[in-house]
Amino acid sequence: MISGEIAGNIDRRVNNVEEYFTLKEENKKLRDQNALLLSLIPSGSITADTISNIFKDTAYIDSVKKYLQYQYLSAKIISNSVFLPQNYLTLHRGSGQGVLPNMAVVGTDGLIGTVVGVSDNMSLVMSLLHKQSKVIAVLKKGSGLGEISWDGNDPRFLTLRKIPKTVVVKKGDEVVSSPYSDKFPPSTRIGWVEEVRQDQETNTYIIKVKTAVDFSNVQHAYVVKNQLTDEIEKIKSKQIKE
């Protein structure tokens with residue numbers, strides 16, 4: 001009787017372990033599927049106007065082709081800090097998986113930071129909770145263009161500056177990444193307006209923003225590759241030389 005109970009307990013524990021690893025694998029598959037779906041959303045694509053394609057027979061064909069501008073790679077966060085003046089995260093993805101410096105990193109809840117260093121299988125990410133982090137941001141409702149930074153104090157809040165006083169800003173307004181960024185996908189959530197006060201030295205607001213991402217509990221992320229980065233850098237370099 002006792003040996004039967006012991007055997008039953010062992011079977012239950014084995015089943016629990018098997019279920020744990022099965023669930024872990026299913027979660028990984030789900031994150032990979034999410035990465036693919038994120039790559040396919042409309043805001044992640046760009047339409048190229050190729051009105052005058054010239055073929056060998058000199059015929060002109062009008063065509064519009066859509067490209068996926070952003071690719072998302074799922075990654076596990078293996079270390080993270082939130083209470084230092086300069087906070088970083090480490091991802092279990094590196095150059096061997098296509099990660100490069102200056103790529104954006106986002107989570108399911110919103111923007112996390114920027115890749116600043118890579119090894120073969122690891123990458124270092126400068127968190128939004130870093131005093132040198134600067135991100136161009138806008139109010140999702142369609143007005144205001146400002147800059148998000150962190151003052152090094154409470155990891156639950158960021159600061160949005162440079163929004164002109166002509167813009168109507170209310171508590172609860174959503175703050176997202178700018179459509180003019182060449183790094184972050186447009187309209188990636190950053191947080192929500194918590195408090196608005198006037199900057200006494202300029203004609204702008206200083207806005208306290210509650211982070212969309214819970215940085216103290218984030219475990220998984222997506223590294224974002226802008227497919228047009230090389231082309232953007234090439235044209236910038238050409239302009240500088242001229």
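Residues numbered from 1 in each chain as written. Predicted model: local features only at pLDDT ≥ 70, side-chain atom pairs only at ≥ 80, totals over all residues. Heavy atoms only, no water.

S.K.: Sorry if this is basic, but what is going on with the overall build of the protein here?
M.R.: In terms of helices and strands, the protein carries two helices and 16 strands. For the protein, the proportion of its 242 residues judged to be buried stands at 35%. Sequence separation of 24 or more characterises 56% of the internal contacts of the protein that already satisfy a separation of 6 or more. Surface accessibility of the protein: about 15,200 Å² in total, with carbon and sulfur atoms responsible for 53%. (Helix = DSSP H or I, 4+ residues; strand = E, 2+ residues; numbered from the N terminus. Buried < 20%, exposed > 50% of the residue type's maximum accessible area, 1.4 Å probe, protein only. Contact = heavy atoms within 4.5 Å. Areas by Shrake-Rupley, 256 points an atom, 1.4 Å probe, with all protein chains shown as cover.)

S.K.: Explain the sheet that holds strand S12 (residues 157–164) here, please?
M.R.: Neighbouring strands of a sheet are bound in pairs by backbone hydrogen bonds; such pairs are parallel or else antiparallel. The six strands are arranged S10-S11-S12-S15-S14-S13 in a closed barrel whose pairing can be described as antiparallel. Pairs of neighbouring strands in the sheet enclose a mean axial angle of 40 degrees, with direction left out of account. For strand S13 (residues 174–177) and strand S14 (residues 189–198), the ladder comprises three bridges, and the chain directions are antiparallel. Bridged to Val 176 within S14 is Arg 189. (Pairing = 2+ DSSP bridges. Axes fitted to C-alpha atoms, helices over the stretch in contact; angles between N-to-C directions.)

S.K.: Explanation requested: the packing of aromatic side chains in the structure shown.
M.R.: Pairs of aromatic rings are described using the distance from one ring centre to the other and the angle between the two planes. This structure, assessed with the given rule, holds zero aromatic pairs. Above the face of the Phe 157 ring, Lys 208 is positioned so that its terminal group lies 4.3 Å from the ring centre. (Phe/Tyr/Trp six-rings, centres within 6.5 Å; stacked < 30°, edge-to-face > 60°. Lys NZ or Arg CZ within 6 Å of the ring centre and 35° of its normal.)

S.K.: Before we go on, may I ask you to explain the nonpolar core in this structure?
M.R.: A general trend in soluble globular proteins is that nonpolar side chains are found buried together. Within the largest apolar cluster, 42 residues are counted, with the highest numbers of intra-cluster contacts made by Ile 148, Leu 160, Val 175 and Ile 190. Other than its neighbours up to four places away in sequence, Ile 190 contacts Leu 111, Leu 128, Val 135, Ala 137, Ile 148, Leu 158, Val 175, Val 176, Ser 177, Lys 210, Thr 211 and Ala 212. (Core = buried A, V, L, I, M, F, W, Y, C linked by side-chain atoms within 4.5 Å.)

S.K.: What exactly am I supposed to notice about the sheet that holds strand S8 (residues 111–118) here?
M.R.: If you trace the six strands once around the closed barrel, you get S5-S6-S9-S8-S7-S16, paired in antiparallel fashion. Across this sheet, the average inter-strand angle for adjacent strands is 45 degrees, counted without regard to direction. Sheet topology note: the strand S5 (residues 70–80)/strand S16 (residues 220–226) ladder contains seven bridges and is antiparallel. What sits directly across from Gln 71, in S16, is Lys 225.

S.K.: So what exactly am I meant to see when it comes to the pattern of salt bridges here?
M.R.: When the charged atoms of two side chains lie near each other, side chains of opposite charge can form a pair. By the definition in use, this model includes five salt bridges. One salt bridge in this structure joins Lys 171 and Glu 194, with 4.0 Å as the shortest N-O distance. Highlighted residues: Lys 171 in the loop between S12 and S13 and Glu 194 in strand S14, separated in sequence by 23 residues. Since its relative accessible area comes to 63%, Lys 171 is described here as exposed. The shortest N-O distance in the salt bridge between Glu 174 and Arg 189 comes to 2.8 Å. Highlighted residues: Glu 174 in strand S13 and Arg 189 in strand S14, separated in sequence by 15 residues. By relative accessible area, which is 16% here, Glu 174 ends up buried. Through salt bridges that share partners, Lys 140, Glu 174 and Arg 189 make up one connected network. (Salt bridge = Lys/Arg side-chain N within 4 Å of Asp/Glu carboxyl O.)

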